Structures are given as structure tokens and as C-alpha cells.
Amino acid sequence: VETPSYGAKMSGYSGGAQANEDWLISPQIDLTNQTNAKFQVNQALNYASGNLNLINILISTNYATGGNPNAATWDVISLTNVPAGNNWDYITSDDYALTAYEGKKIHVAFKYESTTATAATWEIATAVIKVPGVEGTTDSKGMYFIYNSAGKWEAAKGVYYLSVSDYDSMGTASGQPGKYNNF
């Protein structure tokens with residue numbers, strides 16, 4: 001399995017396991033005019049020591065953007081085809097139907113917890129909302145966040161992310177330098 005060179009990574013390990021709770025929360029996703037939407041994630045999980053319950057993917061209809069995630073109501077997404085928790089194999093989940101959220105606006109959250117005994121490393125390569133009737137390839141671009149002087153994470157401005165198609169356009173007949181989506 002080829003390891004993606006992009007995505008989100010969460011870990012509570014810093015010279016040993018540390019008690020920790022982290023949230024990665026999507027912008028608001030508007031499903032008010034969507035039917036039969038589905039969610040899918042490609043992820044890897046290692047060092048979980050059998051404590052897979054410390055890693056959760058959640059959906060909320062009442063999370064206030066920028067607010068305290070613990071003040072919102074979250075539903076756990078129970079995915080099939082997930083990582084075992086003891087290797088770096090990236091696993092793409094089966095589609096998860098979002099029919100319960102049709103006509104609503106949602107946030108998807110990736111909640112990571114660690115303890116002083118277990119500090120897994122969770123890597124999320126992609127998370128996708130699929131909507132019937134929307135066709136074609138996607139051109140994923142990442143976001144870069146900066147920890148500001150006020151002690152908050154904020155999206156960096158003026159940053160351009162090279163996509164797979166950007167790298168491909170730079171390649172020669174032999175595929176270099178863009179063949180492996182790097183230089």
C-alpha cells in the first residue's frame with residue numbers, strides 16, 4: 001500500500017504516552033439540498049494497543065463553528081473496513097450513508113484521545129462526502145494552519161498547495177520531476 005504524503009496526523013506521544021484530547025473539525029457541510037450523500041475516509045492507525053475506542057469520527061448538527069466541541073451533541077460514525085490499529089496500512093472505509101442528516105447542516109469531527117498508557121498515532125489521508133449526480137475527478141488541496149500568538153490555530157492565508165495534476169503538468173516524458181508528486 002502506498003503511503004500518502006499528505007493529510008492530518010494526531011499523536012499523544014512525546015517521549016512517552018501523554019494524556020491528551022484533540023479535535024479536528026470540518027467546516028460546516030450543507031446537506032440541505034442533498035440526498036443519498038455518503039462519507040468515506042482513508043486512514044491509518046498504529047500503536048493503539050487495542051484501545052480503538054480512543055479514536056472516533058463524529059457528526060454534529062449543533063456544533064457552533066469555533067466553539068467548544070464538548071458543548072455540542074455528537075453522533076459516532078460506525079465505519080466498516082477500518083485500520084487494525086497496529087500498523088501503517090492505509091485503509092479506505094466503506095461508504096457511510098448520511099441519510100439521517102439529509103436537509104441539515106453538519107460538521108464532521110475526528111476526535112483523538114490518548115492516555116498515559118496508550119498514545120496511538122492516527123493519520124487521515126482523505127475524508128470525502130460523496131453526493132450522487134456530482135461526477136468527475138477531485139483535485140484535493142490541503143490547508144495549512146498556524147498556531148498564533150493568541151494561542152489558537154488559524155488557517156494560513158496566501159498559501160497555494162500543489163495538487164497531483166500540478167505535479168503531473170510539470171513532468172517530462174519520463175515523468176520527472178512530477179512522477180511521484182514531489183520534486
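Structural data are supplied above this passage.
Residues numbered from 1 in each chain as written. Predicted model: local features only at pLDDT ≥ 70, side-chain atom pairs only at ≥ 80, totals over all residues. Heavy atoms only, no water.

*Asks:* Before we go on, may I ask you to explain the overall build of the protein chain in this structure?
*Replies:* Helix and strand counts for the protein chain come out as one helix and 12 strands. Listing the helices and strands of the protein chain from first to last along the sequence gives β-β-β-β-β-β-β-β-β-β-β-β-α. Looking at the 183 residues of the protein chain, the share that counts as buried comes to 32%. Nonlocal contacts in the protein chain, meaning residues at least 24 apart in sequence, comprise 72% of its contacts between residues at least 6 apart. A total accessible area of about 11300 Å² is found for the protein chain, and carbon and sulfur atoms account for 50% of it. (Helix = DSSP H or I, 4+ residues; strand = E, 2+ residues; numbered from the N terminus. Buried < 20%, exposed > 50% of the residue type's maximum accessible area, 1.4 Å probe, protein only. Contact = heavy atoms within 4.5 Å. Areas by Shrake-Rupley, 256 points an atom, 1.4 Å probe, with all protein chains shown as cover.)

*Asks:* Teacher, can you tell me more about the pattern of salt bridges here?
*Replies:* Close approach of charged atoms allows side chains of opposite charge to pair. In this structure the tally under the stated criterion is three salt bridges. Among the ionic pairs, Lys 111 bridges to Glu 21, the shortest N-O distance being 4.0 Å. One end of the pair, Lys 111, is in strand E9 (residues 105-114); the other, Glu 21, is in strand E2 (residues 20-25), with 90 residues separating them in the sequence. Taking the relative accessible area as the measure of exposure, Glu 21 reaches 36% and is therefore partly exposed. Here Glu 113 makes a salt bridge to Lys 111, at a shortest N to O gap of 3.9 Å. Classification of Glu 113 by relative accessible area gives partly exposed; the value is 24%. Residue classification places Lys 111 among the buried positions, given a relative accessible area of 15%. What emerges from the salt-bridge pattern is a single network uniting Glu 21, Lys 111 and Glu 113. (Salt bridge = Lys/Arg side-chain N within 4 Å of Asp/Glu carboxyl O.)

*Asks:* Help me understand unusual backbone geometry, please; the structure alone is not making it clear to me.
*Replies:* The phi torsion of most residues other than glycine is negative, and most of the peptide bonds are trans. Phi angles above zero are rare outside glycine, and Ser 49 is one such case at about 50°. As for its placement among the helices and strands, Ser 49 is situated in the loop between strand E4 (38-46) and strand E5 (55-60). Here Ser 49 falls in the exposed class, since its relative accessible area comes to 59%. A positive phi angle, close to 65°, is found at Asn 81, a residue other than glycine. Position of Asn 81 among the secondary structure elements: in the loop between strand E6 (75-76) and strand E7 (91-92).

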